[in-house]
Structures are given as structure tokens and as C-alpha cells.
Amino acid sequence: MKINCLLIDDNEIERDLLETYLSKFSELEIVAICEDGIQALEILRNQKIDLVFSDIDMPDLSGIDLLKNIKNAPAFIFVTSHLEHAVESFELDALDFIAKPLSMERLTKSVNKVLDYLHLKNRANGEITEKLTNKDGIFFIKETKGYTRLNYDEIVYIESLGDFSKLFTPHGVHITLINLKNLEHQLPNYYFRIHKQYIVNFNKIVSVNTHEILLENDYKAPLSPSYRDQILSVINQRTLIRTKRKDLN
């Protein structure tokens, strides 16, 4: 099965070099080549793209901003001379960060990495035999020991481990090859993101303070400022209020 690739670079020479190198990989199919992020965004909205090779410093829309603006983004590999963006790119779940000048040896290493990732991801996505929307709330995950049955109501919280997710329950911890972003879309509405790396079961919350949420079974998870207002809003909707005596008549 071919992997559909999109190439983005505003430098024609470097764009052609990347295309030449990638053409040597039989697993990859270059379906589009763009000079800037605006063109790429249009293609990503209208075509099935599995893998993006993108420069970062481009006019109008940088590679970083492009990735931020894509919902359910494909796999991303940045190829750039701007090394100061390396940390931010990995925080956005980019699979690799290649420094220019590009070499065939470095690109081969990156392509092999992403091929392994995509094959594992496709296999893992097919191994969830039930969705959270099932009436009985039962689903299965694939672990190293085989298939494990879980109930969505028993999950206390979930932690991101990059391409993997760590599920905490009262009976133990389970790790599965599904990233937090993909898993989040399958969760019922009583699960809330509280941090870039954490999702909690609202029904398992014991208490909330400025920087942390205490959960059942003595579990704790950090509360990010960017998600604090959302979770507090839900809590306030369920908070008992003091009623004046005269209003009770």
C-alpha cells in the first residue's frame, strides 16, 4: 500500500532535491508539491495525505503554523535549517526534524522511522474491536500480552506517551499503541482534556486545585492553565449554591 506524500518548500533547488531523494522509496507516492503553506493547507483539506515533508520558514504560513491549523494532521517531518524550532515541532507531535543541508542517509533514517510508525498505527487502529459509543461500554485494546477487555467507565485518566497512550484504572495500568489525539475522539463526553498530555474521567475527580486534579485511587494529574477554565466551568455547573432562607418558601 502506497503512502501519499506532500512536499512543501519555498526553495526550488531544495524542493527538487527532496523530490529526487524521495522518489527512490517505492513505498512513497508523491501526490503534490507546494511552494508555501497556503497551497499545502488547501491540498490537505481536499486530498488524502498520509505524510508531509515540510520546510518551516516560508512566506504567509510557516510549517509550524500549518501543522497547528490542521485538524487530525497526517504524519509530519520537518526539513529545515531553522534548528530553533526543533522543540516546538516535537511538542506538536512531528515525527522527525531533519536539519538542512539534506542528505540521503539522514532522509533514509527518517523515512524508515515513519514507515514503521504508520504500519504500527494502521495495525493498532484496526485492533480496537469496539467503540466507546457501544451500549455496554466494553472495548478491547491490543497489548504485548494480547487483547485486554476494559470498560470506559473504569478508566480514571489517560496519559500520553507520544505514539502510545497509558490508561490508568483501579486495577492497574494499560499501554496501547494509539496516540492521545486519536483516542480523544473516541471517548464519551464525560472525559475532559486537562493538559496536553492528560485526559481525565470527570466522574473520577475528587478535588481540583490551581495546578492539579486529584482523582479516585489516589491518582493525580497536572492541570494546565490553558484547560483550567473549561474544567472549572463544568464543575461550577454542578456546584451547590447557598440559597437565601426567604427563597425557600
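Below is a summary of the structure that appears in this document. (Residues numbered from 1 in each chain as written. Predicted model: local features only at pLDDT ≥ 70, side-chain atom pairs only at ≥ 80, totals over all residues. Heavy atoms only, no water.)

## With respect to the overall build of the protein
Point 1. Scanning the protein from terminus to terminus reveals seven helices and 15 strands.
Point 2. Put simply, the protein has 249 residues, and 47% of those count as buried.
Point 3. Counted over contacts in the protein with a minimum sequence separation of 6, partners at least 24 positions apart contribute 48%.
Point 4. Carbon together with sulfur atoms contributes 48% to the accessible area of the protein, which is approximately 14,300 Å² in total. (Helix = DSSP H or I, 4+ residues; strand = E, 2+ residues; numbered from the N terminus. Buried < 20%, exposed > 50% of the residue type's maximum accessible area, 1.4 Å probe, protein only. Contact = heavy atoms within 4.5 Å. Areas by Shrake-Rupley, 256 points an atom, 1.4 Å probe, with all protein chains shown as cover.)

## A few points about the sheet that holds strand β13 (residues 205-208)
Point 1. Judged by pairing direction, the sheet is antiparallel, and its three strands sit side by side in the order β13-β14-β15 without closing on themselves. Sheet topology places β13 and β15 (220-222) at the edges, where each strand pairs with a single neighbour. Geometrically, the sheet is characterised by an average inter-axis angle of 25° between neighbouring strands, direction not taken into account.
Point 2. Inspection of the sheet shows strand β14 (residues 212-215) paired to β15 by three bridges, in the antiparallel sense. Across the sheet, residue L214 finds its bridge partner in β15, namely K220. (Pairing = 2+ DSSP bridges. Axes fitted to C-alpha atoms, helices over the stretch in contact; angles between N-to-C directions.)

## What to know about the packing of aromatic side chains
Point 1. Under the defined criterion, the tally for this structure stands at eight aromatic pairs.
Point 2. Among the aromatic residues, those joined into a ring-pair cluster are Y157, F168, Y198 and Y219. (Phe/Tyr/Trp six-rings, centres within 6.5 Å; stacked < 30°, edge-to-face > 60°.)

## Remarks on unusual backbone geometry
What you tend to see is this: most non-glycine residues have negative phi, and most peptide bonds are trans.
Point 1. Geometrically, the link from K100 to P101 is a cis peptide bond, its omega value of 5° lying close to zero.
Point 2. Secondary-structure assignment places P101 in the loop between β5 (96-99) and α5 (104-125).
Point 3. Despite not being glycine, D93 shows a phi value in the positive range, around 70°.
Point 4. Counting through the fold element by element, D93 comes out in the loop between α4 (86-91) and β5.
Point 5. In the Ramachandran plot, N217 falls in the positive-phi region, its phi being about 65° despite a non-glycine side chain.
Point 6. Secondary-structure assignment places N217 in the loop between β14 and β15.

## Some thoughts on the environment of Y198
Point 1. Within the element layout of this structure, Y198 appears in strand β12 (residues 198-201).
Point 2. Judged by its relative accessible area of 13%, Y198 falls in the buried class.
Point 3. Expressed as a C-alpha distance, the spacing of Y198 and E159, which sit 39 residues apart in the sequence, is 4.7 Å.
Point 4. Those residues in contact with Y198, other than ones at most four positions away along the chain, are Y157, I158, E159, L180, F192, R193, A221 and P222.
Point 5. Reaching out from Y198, the side chain makes a polar contact with the side chain of E159 at a distance of 3.4 Å. (Polar contact = N/O pair within 3.5 Å; in protein donor to acceptor, adjacent residues only side chain to side chain.)

## Some details on the environment of S81
Point 1. Its location among the elements puts S81 in the loop between β4 (75-80) and α4.
Point 2. S81 gets classed as partly exposed once you look at its relative accessible area, which sits at 49%.
Point 3. Each C-alpha atom, one on S81 and one on I56, is 8.3 Å from the other, the two residues being 25 residues apart in sequence.

## Structural notes on helix α2 (residues 37-46)
Point 1. Inspection of α2 places G37, A40, L41, I43 and L44 among the buried residues, and these make up the whole buried set. Seen from one end, α2 has its buried residues packed into an arc of 165°, which puts them on one side. Exposed residues lying more than 90 degrees from the buried face of α2 are R45 and N46.
Point 2. Buried residues in α2 make contact with β1 (3-8), β2 (28-34), β3 (51-54) and α3 (63-68).
Point 3. Capping the start of α2 is the job of one residue whose side-chain oxygen sits 3.0 Å from the backbone nitrogen of I38: D36. (Arc of directions from axis to C-beta.)

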